[in-house]
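Examining the three-dimensional arrangement
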Amino acid sequence: MTEEVIAPASACPFPFARDPHRPLDLPPEYGRLRADRPVQKVTTPAGDTAWLVARYADVRALLADTERFSAEVMNPGYPRYLFPVDPQPGAFVTVDPPDHTRYRRMIMSMFTKKKAEEVRPSAQKLVDERIDAILKLPQPVDLVTHFARPIPLTVVCELLGVPYKDRLAFGRWINTLVETTSSQAHRNAAAGALFGYLTKLVAQKEKEPTDDVLGRLVTNQMAAGELKREEAVVIGMMLLSAGYDTTASSIALSILTLLEHPEQLAKLRENPDLIVGAVEELLRHQNVMQCGVGRVAKVDLEIAGQQIRAGEGIIALLSSADRDESVYADADSLDITRKDSTPLAFGHGIHSCIAKFLSRVELQVALLTLITRIPTLALAKPADELRFRDGAIVYSLREIPVTW
C-alpha cells in the first residue's frame, strides 16, 4: 500500500544557508523538510532542477537501489551542481555498473578493512610526529594547516606512491582545487598540474614498478591491456578526492565539535575505548557531505508519496538523513556513547566511499592522540568567528586556531 501522493510543489533554491552563529548546526530547512516535505523540488546555482530527499530511510534505500536509480553524471537529468566537470574514463564514482564494477575491482583489494588496519601503526607514527611539531610552534597554532590536512595528505601520497620530495607541491595543488576562494583559473591550473604530474608518475612506474595503488594498476591492469594510462591517472585523481579532502574536513570538524562539547571530550579522554563509536557519532553529527550526492531516476517511481519521473534528477541529502529524529533520538545532540549508529557520511551501497575504512582509522588515531597528548587544548577564538568553507559541496573549516 503506497502513501498518499503529495501534490507537486514549486521548486525552491538550493543549497540552504547555515546560521553563521551556529556553524555546527545544519540549515533549519533540513528539519522542516524531514517533518513536512521529505521530497522537495529544488533549483541549484548551476540551473539544475532536482528532487531533494531528506529522510534517512529514503536516502539509504535509494542509494542501495541501482535498478531504479543511476549515478551516471553524464545522464542529462543528473544535478551537475554536484559534479560540474565532465568526468573522464576511470572516474568510477561517476558511472554505473558494469564500468563502475570493473574499475572498483581493480583497486578494492587495497582498501579493505584489513588493509586499513595495517595502516594504523604508520598513521600513529605520523600523528605523533605532527603533534611533536605542533608543540614546538608558537601559539596559537592552526590545526587545519598543521594537523587536519597533512595527515590524510601524507597517507594518500603513500598509497598512491607519490615521492616524499613532491608532496609539498602535490598538497598545494589539491588545496587549490578544493578551496572555494580559489579562482576558476587557479583551480583549472591546479587540476592541469595535478593531472600532468600523475601522468608522469604513472609513466615512471611503468619503467620502475612500485608496490602501491598506482604501481599495482600499472603492473596488473595496464600491463594486461585492461586499463589505459589516462584511466589510471583519473583513478588516482578520484582517490585523492576520496582519501584526502573528505577525511581532512572530517578531522577538522570533529576537533571543533569535541572542543564545543567539553563533556563529551572529557568522557572520551577518560574512556579511550569509546573512540570507535565516538568517530561514528562525529561522522553522523558532522556529515561533511552537506549538499548530498546526485542520482537520476531510471523509471517513474515514488519516494515518500512524491511522484518522480524517469530522467529527473535527485539529490540524496546525506547530512539531513544523519540528523533524522525517527532514526536517532535527540538527533541534533552529540552523544559519543550512542549505540547502533550507521551514518551515511561515506554514502551507502555500491558507490559508498572506497576509502571509508582508511578514513575511520585516520580519524580514530588523529582524534584520540590529539586529545590525549594535549589535554588542555582550547580554541583561540569563538567557533562562530572561525572561517568555514560555507559554499563548498564538502563542508569544512579553513582554520582552527588553538592554544593549550
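Below, the structure is looked at part by part. (Residues numbered from 1 in each chain as written. Predicted model: local features only at pLDDT ≥ 70, side-chain atom pairs only at ≥ 80, totals over all residues. Heavy atoms only, no water.)

Within the protein chain one finds 14 helices and eleven strands. In terms of overall size, the protein chain behaves like a compact globule, its C-alpha atoms giving a radius of gyration of 21 Å where 404 residues would be expected to give roughly 22 Å. With respect to the principal axes defined by its C-alpha atoms, the protein chain has extents near 60 × 55 × 40 Å. Among the 404 residues that make up the protein chain, the fraction classed as buried is 55%. About 17,700 Å² of surface is accessible on the protein chain, with carbon and sulfur atoms providing 54% of the total. (Helix = DSSP H or I, 4+ residues; strand = E, 2+ residues; numbered from the N terminus. Rg over C-alpha atoms; globule rule 2.2 N^0.38 Å. Buried < 20%, exposed > 50% of the residue type's maximum accessible area, 1.4 Å probe, protein only. Areas by Shrake-Rupley, 256 points an atom, 1.4 Å probe, with all protein chains shown as cover.)

Hydrogen bonds between backbone groups are what pair the strands of a sheet, and the pairing can be parallel or antiparallel. With mixed pairing, six strands are arranged side by side in an open sheet as β1-β2-β3-β9-β6-β4. Both outer strands of the open sheet, β1 (12–13) and β4 (69–70), are each paired with one neighbouring strand and no more. In the sheet, strand β2 (residues 39–43) pairs with strand β3 (residues 49–53) via five bridges, with the strands oriented antiparallel. Within β3, the residue paired with Val 39 across the bridge is Val 53. In the packing of helix α2 (residues 56–64) onto the sheet, the strands contacted are β3, β4, β6 (293–297) and β9 (313–316), and the crossing angle to β9 comes to about 120°. (Pairing = 2+ DSSP bridges. Contact = heavy atoms within 4.5 Å. Axes fitted to C-alpha atoms, helices over the stretch in contact; angles between N-to-C directions.)

Moving on, we get to the state of the cysteines. Overall, the coordinates contain zero disulfides when judged by the stated rule. No disulfide involves Cys 157; its sulfur sits 17 Å from the nearest other cysteine sulfur, which is in Cys 353. Judged by relative accessible area, which is 0%, Cys 157 ranks as buried. (Disulfide = S-S within 2.5 Å.)

Here we take up the pairing of β9. Across the two faces of β9 the burial is the same, with Gly 313 and Ile 315 and Ile 314 and Ala 316 all buried. By the bridge criterion, four bridges tie β3 to β9 in an arrangement that is parallel. By the bridge assignment for β9, Val 53 is matched with Ala 316. Sheet topology note: the β6/β9 ladder contains four bridges and is antiparallel. By the bridge assignment for β9, Arg 295 is matched with Ile 314.

This paragraph deals with the sheet that holds strand β5 (residues 141–142). If you trace the three strands from one edge of the open sheet to the other, you get β5-β11-β10, paired in antiparallel fashion. Looking at strand neighbours, the two that pair on one side only are β5 and β10 (378–379), the edges of this open sheet. Across two bridges, β10 lies against strand β11 (residues 401–403) in antiparallel orientation. Within β11, the residue paired with Leu 379 across the bridge is Val 402.

Moving on: helix α11 (residues 262–270). Within α11, burial applies to Gln 264, Leu 265 and Leu 268. Looking down the long axis of α11, one finds its buried residues gathered within 100° of arc, a one-sided arrangement. Counted as exposed and oriented over 90 degrees from the buried face of α11: Pro 262 and Glu 270. Against the buried residues of α11 lie α10 (229–260), α12 (275–285) and α14 (356–373). (Arc of directions from axis to C-beta.)

Glancing now at helix α6 (residues 150–160). In terms of burial, α6 is largely enclosed, as ten of its eleven residues are buried. Buried residues of α6: Pro 150, Ile 151, Pro 152, Leu 153, Thr 154, Val 155, Val 156, Cys 157, Leu 159 and Leu 160, and no others. Once α6 ends, the next one or two residues include Gly 161, with phi positive near 85°.

Let us now look at unusual backbone geometry. Glycine aside, a negative phi is what most residues show, and trans is what most peptide bonds show. Look at the link from Phe 14 to Pro 15: it is a cis peptide, with omega at 10°. Assignment of secondary structure puts Pro 15 in the loop between β1 and α1 (28–36). The omega torsion of the bond from Gln 139 to Pro 140 falls at 0°, within 30 degrees of zero and hence cis. The phi dihedral of Asp 330 falls on the positive side, at around 50°, and the residue is not glycine. Structurally, Asp 330 can be placed in the loop between α13 (318–321) and α14. Judged by relative accessible area, which is 56%, Asp 330 ranks as exposed. Phi at Asp 340 takes a positive value of approximately 55°, unusual for a residue other than glycine. Locating Asp 340 in the fold gives a position in the loop between α13 and α14.

In total, this model carries 23 salt bridges according to the counting rule given. In this structure, the salt-bridge partner of Lys 125 is Glu 129, at a minimum N-O distance of 2.7 Å. Of this pair, Lys 125 and Glu 129 both sit in helix α4 (residues 113–135), four residues apart, roughly one helical turn. Residue class for Lys 125 comes out exposed when judged on its relative accessible area of 52%. Using a relative accessible area of 40% as the deciding quantity, one classes Glu 129 as partly exposed. In this structure, the salt-bridge partner of Glu 280 is Arg 360, at a minimum N-O distance of 2.7 Å. Here the residue Glu 280 occupies a position in helix α12, and Arg 360 occupies one in helix α14, the gap between them amounting to 80 residues. Comparing Glu 280 with Arg 360 shows no difference in burial state: the two are buried. (Salt bridge = Lys/Arg side-chain N within 4 Å of Asp/Glu carboxyl O.)

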